[in-house]
Amino acid sequence: MKRIFVIIGLIFCLFMIQQRALAHPFHISVLDIYFKPAQKVLQVEGKVFMDDLADAIKADTGFEIDYDQPLPKQLIEAYLEKHVIFSVNGKAKPFNFVGMETEDGAIWIYWSVEKVKPKAKVKVSNTLFIRLFSDQQNLVNLTDPQGVRSERLTQGNQVAVFELRNQ
């Protein structure tokens, strides 16, 4: 009987070690924004940790999360609409949700912002997970025909502003 308890104890310890190995020691999200002048569109790719997104949705909505099931698309969209806001030349611009895919504990989310003209001033407000984690960092990278510019957003700085360049 004692041997069974030892085996159960070892299995539990291995499970806990595995869970800690899967947990990430930092809190970060990445938004890659690509300006396509010919189409007048911003194509956006966002990458976040799946567990952070689930915890944030639960904190915002009270929705009970089953971590073994995919998150409902409508909850993800609603969370994004609330926490990632695009403005172009001072006017809020809605985004079109394109899709998403999971990859090794992370989720890639794709959307677009239409009718964006060259030389516009783009403001990105990104408050993803800021309420949950004091060390949260949200990286925002914008690529236009002249190259890449990046901003690191934190609790004290949640807005990035970029002037689009055509050539």
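Rules of the game
Residue positions are given per chain, counted from 1 along the sequence in the order it is written. Residue-level local features of this predicted model are given only where pLDDT is at least 70; pairs of side-chain atoms are given and counted only at 80 or more, and the full residue set underlies all totals for whole chains, interfaces and linings. Hydrogens and water molecules were not included; the side-chain quantities draw on all heavy atoms of the structure. Each axis is a line fitted through C-alpha atoms, taken for helices only over the stretch in contact, and angles between the N-to-C directions span 0 to 180 degrees. Runs of E in the DSSP output that reach at least two residues are strands. Runs of H or I that reach at least four are helices, and both are numbered from the N terminus. Should an angle fall under 35 degrees it is called roughly parallel, over 145 degrees roughly antiparallel, and 65 to 115 degrees roughly perpendicular, with every other angle called oblique. Whether two residues are in contact is decided by their heavy atoms, any of which lying within 4.5 Å being enough. As a working rule, the residues Ala, Val, Leu, Ile, Met, Phe, Trp, Tyr, Cys and Pro are called nonpolar, Asp, Glu, Lys and Arg charged, and the rest polar, with Gly in that last group. Here a strand pair is declared whenever DSSP counts at least two bridges between the two strands. Take the buried residues of types Ala, Val, Leu, Ile, Met, Phe, Trp, Tyr and Cys, join any two whose side-chain atoms come within 4.5 Å, and each joined set is a nonpolar core. Residue exposure (1.4 Å probe, protein chains only): buried if accessible area is under 20% of the type maximum, exposed if over 50%, otherwise partly exposed.

A. Just the packing of helix α2 (residues 50-61) against helix α3 (residues 73-83), in detail. Interhelical geometry of α2 versus α3 gives an angle of 80° and a closest axis separation of 10 Å. Our classification of the angle between α2 and α3 gives roughly perpendicular. Here Leu53, Ala56, Ile57, Asp60 and Thr61 of α2 come into contact with α3, specifically with Leu75, Ile76, Tyr79, Lys82 and His83. Residues that form the contact of α2 with α3 fall into these classes: six nonpolar, two polar and two charged.

B. Highlighting the pairing of strand β1 (residues 28-36). Looking at chain direction, β1 and strand β8 (residues 137-144) are connected through seven bridges and run parallel. Bridge pairing in β8 places Tyr34 opposite Thr143. The pairing of β1 with strand β2 (residues 41-49) spans seven bridges and is antiparallel. Counted as the bridge partner of Ile33 is Val44 from β2. The turn joining β1 and β2, which pair antiparallel and follow one another in sequence, is formed by four residues; a positive phi near 55° is taken by Lys40.

C. Seen up close, the sheet that holds β2. The strand order across the open sheet built from six strands is β5-β6-β2-β1-β8-β9, with neighbouring strands paired in mixed fashion. Each having just a single partner strand, β5 (96-103) and β9 (147-153) make up the two edges of the open sheet. Neighbouring strand axes in the sheet, compared pairwise and without regard to direction, differ in orientation by 15° on average. Here α2 sits on the sheet in contact with β2, β5 and β6 (106-114), set at roughly 95° to β2. In the packing of α3 onto the sheet, contacts are made with β5 and β6, and the angle to β5 comes to roughly 115°.

D. Region of interest: the nonpolar core. Grouped together as the largest cluster of nonpolar side chains are 38 residues, with contacts concentrated most on Leu42, Leu53, Leu80, Phe86, Ile109, Trp111 and Val116. In contact with Ile109, other than residues within four places in its own chain, are Val44, Glu45, Gly46, Val48, Leu53, Ile76, Leu80, Phe97, Gly99 and Met100.

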